[in-house]
Amino acid sequence: MIPNPDFLSGLNPQQKQAVTAPPGHILVLAGPGSGKTRVLTHRIAYLITQYHLPPSNILAVTFTNKAARVMESRLEDLLGEKPQGIWLGTFHAICARILRREAENLPFSSNFVIYDEDDQQSLVKTALRELNIDEKMFKPASIRSVISTAKNNMQTPDDLTSRNYREEVNLRVYRRYQELLRVNNALDFDDLLNEVVNLLTQNQAVRDRYSRRFGEILVDEFQDTNTAQYQILRSLAVGNASMFVVGDEDQSIYRWRGADYRNVQSFERDFPDCQKILLEQNYRSTQTVLDAARAIIDHNINRTPKRLFSDNGKGEAITLFESADDKLEADYVADTIRQNLKAKKWKGSQVAVMYRTNAQSRLLEEAFLRANLPYRLVGAQRFYGRREVKDIIAYLRLIYNPSDEVSLTRVINVPPRGIGDKTVTTLQQRAHEMNISAGEVLADLGKLGQQSAHFASFSGRSALSLADFGSNLNTWREASSKGMPLTRLFFQILEDTAYQEYIDDTTEEGHQRWENVLELGKIAAEFEDRGLDEFLERLALVSDQDTLAEDVEAPTLLTLHAAKGLEFPIVFITGLDDGLLPHSRSLDDPEEMAEERRLLYVGITRAKDRVYLTRADRRSTYGGYDNSAPSRFLKDIPAKLLLQQGAVSSSRGGFSSSYSSPRERRTESYANWTTPSPTYGSFKPTPRQAKPAVEQRFPANCRVKHEVWGEGLVVKSVLEDGDETVDVFFDTVGFKRLAASLAKLEIIKK
Ligand SMILES: Nc1ncnc2c1ncn2[C@@H]1O[C@H](COP(=O)(O)OP(=O)(O)OP(=O)(O)O)[C@@H](O)[C@H]1O
Ligand SMILES: [Mg+2]
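Rules and cut-offs
- Residue indices begin from 1 for each chain and proceed along its sequence in written order.
- Numbering of ligands from 1 and lettering of chains from A proceed in the order in which they are written.
- For this predicted model, a pLDDT threshold of at least 70 governs which residues receive local features, and a threshold of 80 or more governs which side-chain atom pairs are given and counted, while totals over whole chains, interfaces and linings are taken from all residues.
- Helix and strand definitions follow DSSP, with helices as H or I runs of at least four residues and strands as E runs of at least two, each counted in order from the N terminus.
- Atoms considered for the radius of gyration are the C-alpha atoms alone. The globule rule reads 2.2 Å times the number of residues to the power 0.38.
- Between the buried cut of 20 or more and the exposed cut of 12 or fewer other C-beta atoms within 10 Å of a residue's own C-beta lies the partly exposed class, and all C-beta atoms are placed from the backbone.
- Predictor confidence is given residue by residue as pLDDT, running from a minimum of 0 to a maximum of 100.
- In this description, any two residues whose backbone-derived C-beta atoms lie within 7 Å of each other are considered to be in contact.
- For each residue, a C-beta atom is placed from the backbone, and the residue counts as near a molecule or strand when that atom lies within 6 Å of it.
- Each residue is assigned to one of three groups, with Ala, Val, Leu, Ile, Met, Phe, Trp, Tyr, Cys and Pro labelled nonpolar, Asp, Glu, Lys and Arg labelled charged, and all others, Gly among them, labelled polar.
- UniProt positions are given in the numbering used here, feature names are shortened, and annotations may be inferred rather than shown by experiment.
- Lines fitted to the C-alpha atoms define the axes, with helices restricted to the stretch that makes contact. Angles between their N-to-C directions range from 0 to 180 degrees.
- Angle categories are assigned with fixed cut-offs, so that under 35 degrees is roughly parallel, over 145 is roughly antiparallel, 65 to 115 is roughly perpendicular, and the rest are oblique.
- Rotating anticlockwise by less than a right angle from the far helix to the near helix defines a left-handed crossing, while the corresponding clockwise rotation defines a right-handed one.
- The term nonpolar core means buried Ala, Val, Leu, Ile, Met, Phe, Trp, Tyr and Cys residues held together as one set by C-beta atoms within 7 Å.

Colleague: Give me the lowdown on the overall build of the protein, citing residues and values where you can.
Modeller: Across its full length, the protein carries 26 helices and 24 strands. Taken over C-alpha atoms, the radius of gyration comes to 28 Å for the protein, in line with the 27 Å a tight globule of 750 residues would show. In the protein, which comprises 750 residues, the share counted as buried stands at 45%.

Colleague: Tell me about the confidence of the model for the protein, and name the residues and values.
Modeller: Across the protein, the average pLDDT comes to 88, with 92% of residues at 70 or higher. When pLDDT is averaged over each element of the protein, strand β15 (residues 568-573) comes out on top at 98 and helix α26 (residues 663-671) at the bottom at 29. Across residues 648-689 the pLDDT falls below 50, and counting only partners more than four positions away or on other chains, this stretch makes 57 contacts in the model. With pTM at 0.81, the complex prediction returns an ipTM value of 0.99.

Colleague: An account of the site of ligand 1 is needed here, citing residue identities and associated values.
Modeller: Around ligand 1, the structure places 18 residues, and the nearest of them are Gly 35, Lys 36, Thr 37, Arg 38 and Tyr 283. Top element by residues in the shell around ligand 1 is helix α2 (residues 36-49). It accounts for 3 residues. Residues of the shell around ligand 1, tallied by class, amount to 4 nonpolar, 9 polar and 5 charged.

Colleague: Quick rundown of the UniProt feature "binding site: ATP" (unreviewed entry) in the protein? Include the residues and the values.
Modeller: Mapped onto the present numbering, the UniProt feature "binding site: ATP" (unreviewed entry) falls on Ala 30, Gly 31, Pro 32, Gly 33, Ser 34, Gly 35, Lys 36 and Thr 37. Structurally, the position occupied by Ala 30 is in strand β1 (residues 26-30). The exposure class assigned to Ala 30 is buried, which follows from the 24 C-beta atoms found within 10 Å. The contact partners of Ala 30, leaving out residues within four places of it in the chain, are Lys 36, Asp 248, Leu 278, Leu 279 and Lys 306. With respect to the helices and strands, the residue Gly 35 is situated in the loop between β1 and α2. Excluding residues that lie within four positions of it along the chain, Gly 35 makes contacts with Gln 15, Leu 279 and Tyr 283.

Colleague: Let's hear about the packing of helix α4 (residues 91-101) against helix α8 (residues 189-202): which residues, and what values?
Modeller: Geometry of a packed helix pair, given as the angle between the helix axes and the separation of the axes. Taken N-terminus to C-terminus, the directions of α4 and α8 make an angle of 60°; their axes are 9 Å apart at the nearest point. Relative to α8, the element α4 lies oblique. Between α4 and α8 lies a crossing of left-handed hand. When α4 is examined against α8, the residues Phe 91, His 92, Cys 95, Ala 96, Ile 98 and Leu 99 are found in contact with a partner set consisting of Phe 189, Leu 192, Leu 193, Glu 195 and Val 196. For the contact of α4 with α8, a count of residues per class yields 9 nonpolar, 1 polar and 1 charged.

Colleague: Outline the environment of His 42, listing residues and values.
Modeller: Summarising the element assignment, His 42 is placed in helix α2. Between the alpha carbons of His 42 and Leu 79 there is a distance of 9.7 Å; along the sequence they are 37 residues apart. With residues near it in sequence (within four places) discarded, His 42 still touches Phe 7, Leu 11, Val 19 and Leu 78.

Colleague: Any chance you could break down the nonpolar core for me, citing the residues and the numbers?
Modeller: Val 28, Ala 60, Cys 95, Tyr 177, Ile 217 and Val 728 are the most contacted members of the largest nonpolar core, which has 131 residues in total. Considering each element in turn, this core owes the most residues, 8 residues, to helix α16 (residues 387-400). For Val 728, the residues in contact, after removing those within four places along its chain, are Val 704, Gly 712, Leu 713, Val 714, Val 715, Lys 736 and Leu 738.

Structural data, given as structure tokens:
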């Protein structure tokens, strides 16, 4: 391995000290943009090239999958090749990996699936039903959150006692929920961590193996680790491992998920010989951005003030825009961006628009559409939470893990195949009686049909429908186990279930839903070499930031939480109103308030050059408007750093407006504004154009042949701009989009 010989030269003395430190525990505490992530990456390269530590002895934990991928490619740049065998990923991904390898020591098998919040909620509902508890009295969502909190505190049902009836219900549901997870061969997010903690504390041999394996454990964003994660690190570090953790207490923003920045103090206590290194130069932002950020965070008590300077010059003032209402606020953001893009002052990808809650993106998206501006929207739920996407994932999960009853009940009658609720209940009862999973009953019905011992348990018609579905499942499962490529399997399911006919009801929404299914197919194509298991794992562990499409020349819309660790030349933070930021839920809790401050601090410090803060005097609610007051955090920013714009705000006293409201222009652009349908990733707001200038030759579901790529299945065909655009899934190369006029396609089967 030939390291880039200069790779230490791009570091300042403190950074170099951290990167080249002799083996031992290191804690790097430093403010935003000071190079913590950079130092961590360089440290890995240094260990490999200078200490000749095999990459497989290195465990590096990042906060998102995306951050892991970025780090991997930086390492490749530094080392000249990909480090082979390094464990690099999020806590959840690494835990899932350990659990799959060690399944023989655990009460589930290695093909477990990972349940997200929705799945967890279904399971809570099943538990409630089984226990005969009314879900109107005891809301599944709140029980789910009670369970998750208990798990975050690492409390099993046995650790809990109940003091009243409600607690008793919670406890019983928790117990049953846990049993159901086992039956389904599933783990939830919290389990991923807790099971690893249990494994490492209870199984000395396994613990020794892992702690011997890892010579160095590195953790980015350490301030956001929770109790279980910290315990995992501590167990692994009992051997010969050195710990290298970097973090910033002021950027801890995941308290609601159990993160505890006091782990930084625990680390200093548990590893008293650790070397503490402070980085003081910020390479990201202008002095103005840093001063504004510091003014916000200085109000938090119990924090260690940090020195942070920048050589990037004073830079431009922070723009504060106050508007009359939230629509105008969104228009201001979109118009400002559009004007600067038009004047070629900015590039789309340099701009980020941030907000406190996901719901705030809607008005912004509409304003972007009005301004005819493409954008990319970051958010896992926006895409992966969609019904059609979840359906297809459920099919795949069911193929991977036949015991997964949550997925089974999701798709057993989707698209409708005449299997009603009563049949499903009978199926579950039958499985229960026989002590097998419902999936196994189905598989048997699929294999033996009327000869199956289960057949007589159902009425004639439903027995046949079940057998039919079971037979489909068996076929897919067999194909998958014989190595059918993932995308083929994917489209096979769509074909066999006639999913397109079901989901695309020819309305705009239907088209959009089918587009989402195809989008998922494209993601599957990226996992072609890695297989169904890795695909499912990535889907299960996807975080908001992971949905940030790369190489897209468009501004990014994202929550403040999702912005962690990222940087952009231009940052807009919208909704600086009391009740939004700080959020209304935090107003009477000092700890929560401190976290809201940190959130704004994280937002501002993402900016390299310019920050825009925006707010509105009134905000739309259901049908009407609510008055809204400026965020209390705004007054903490010194006036000399601010340039105020916008309408006169009653609450802040009048000031001249240098921004003319785009009302006139709005009228004109409203004309060609159609109701937006939320999309995933980059959005091109051109209306669907279907000029049937040619006739359609390659309708969906026909098989075609291409000169180079061979045979394939047409998934979609659209007539547009006088040509036919055909999406084909080829058996050899997977998904391709072709213009029928250019590609020499030949129909082989209608
Ligand atoms: N010594 C250096 N010379 C030049 N650029 C640097 C140096 N150190 C860091 N940078 C750059 O500064 C920016 C911020 O670095 P990095 O993201 O590593 O900071 P961080 O401390 O991890 O920030 P955050 O707390 O926001 O995660 C990056 O663009 C990085 O490449
Ligand atoms: Mg960082």
